[in-house]
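Examining the three-dimensional arrangement
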Amino acid sequence: MARRIDYSARYTHPAEKVYSALTNRDYWEARMVELRKFSDNHVESFEIDDDGIDLVFHHIIPRDTLPDIAQTVMKKDMVITRKEHYSTFGEEVTGTYSASIPAGPGSLSGTMTLFGTDTGSTLRTSSEAKVFIPFVGGKLEQLMLVNLVELFRTEAKVTADWLAEQ
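Residues numbered from 1 in each chain as written. Predicted model: local features only at pLDDT ≥ 70, side-chain atom pairs only at ≥ 80, totals over all residues. Heavy atoms only, no water.

The name an unreviewed UniProt entry assigns to the protein chain is DUF2505 domain-containing protein, from the organism Rhodococcus daqingensis.

Moving on, we get to the overall build of the protein chain. Across its full length, the protein chain carries four helices and seven strands. Tracing the protein chain from N to C terminus, the helices and strands come up as β-α-α-β-β-α-β-β-β-β-α. For 166 residues, the compact-globule estimate of 2.2 N^0.38 gives 15 Å, and the protein chain sits close to it at 16 Å. Considering only contacts in the protein chain between residues 6 or more positions apart, those separated by 24 or more positions represent 53%. (Helix = DSSP H or I, 4+ residues; strand = E, 2+ residues; numbered from the N terminus. Rg over C-alpha atoms; globule rule 2.2 N^0.38 Å. Contact = heavy atoms within 4.5 Å.)

Inspection of the entire model under this criterion finds seven aromatic pairs. Relative to Phe-152, the ring of Tyr-7 has its centre 6.0 Å away and its plane inclined at 35°; by these criteria the two rings are tilted. Of this pair, Tyr-7 sits in strand β1 (residues 3–11) while Phe-152 sits in helix α4 (residues 137–165), and the two are 145 residues apart along the sequence. Neither residue differs from the other here; Tyr-7 and Phe-152 are each classed as buried. (Phe/Tyr/Trp six-rings, centres within 6.5 Å; stacked < 30°, edge-to-face > 60°. Buried < 20%, exposed > 50% of the residue type's maximum accessible area, 1.4 Å probe, protein only.)

Judged by side-chain charge, Glu-47, Asp-49, Asp-50 and Asp-51 come together as a negatively charged surface patch. Within the fold, Asp-51 resides in the loop between β2 (40–49) and β3 (52–61). Residue classification places Asp-51 among the exposed positions, given a relative accessible area of 56%. (Patch = residues over 30% accessible without salt bridge, like charges linked within 9 Å, V, L, I, M, F, W, Y side chains within 5 Å. Areas by Shrake-Rupley, 256 points an atom, 1.4 Å probe, with all protein chains shown as cover. Salt bridge = Lys/Arg side-chain N within 4 Å of Asp/Glu carboxyl O. Lys, Arg positive; Asp, Glu negative; His and termini not counted. Charge placed at Lys NZ, Arg CZ, Asp CG, Glu CD.)

This part takes up the nonpolar core. Core analysis: the biggest nonpolar cluster contains 41 residues, and Trp-28 and Tyr-86 have the highest contact counts within it. Counting residues per element, this core draws most heavily on α4, which supplies nine residues. Not counting the four nearest positions on each side in its chain, Trp-28 is found in contact with Ala-21, Leu-22, Val-43, Phe-46, Leu-55, Phe-57, Glu-84 and Tyr-86. (Core = buried A, V, L, I, M, F, W, Y, C linked by side-chain atoms within 4.5 Å.)

Below is the structure:
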């Protein structure tokens with residue numbers, strides 16, 4: 001059974017400024033620099049066209065740093081390929097993401113919505129984790145979502161810091 005979680009990053013800057021950061025390759029590199037404190041990360045591709053923003057990046061987590069329950073499933077370092085798409089800028093920006101692990105026993109995906117608020121803007125992410133392993137699947141799903149929230153918090157802080165410096 002899949003588990004879901006929502007996370008909202010609130011910014012004091014308007015949605016247009018947040019979206020502008022999303023269109024800037026330097027912003028994504030700044031995110032990767034921060035995430036490298038935890039594991040190897042890099043932007044694989046970054047494209048902007050008439051449909052919006054598309055990017056692919058990799059998170060590489062050494063097997064020996066994974067929780068014991070995850071090490072029982074993953075026999076090598078965990079390579080997570082994350083794909084994100086954001087629509088073009090408008091009153092509301094929508095997006096999707098997916099994260100995959102080669103030979104991984106599950107999936108992680110979600111939607112994103114960027115919108116203006118009275119105090120700035122919010123980027124809301126709704127995520128769903130599915131693990132197809134009897135008995136431990138639910139525990140792994142919950143572990144994935146807890147760690148995902150920590151990742152989103154880190155990314156939100158990088159975004160807020162980036163916006164403050166611009």
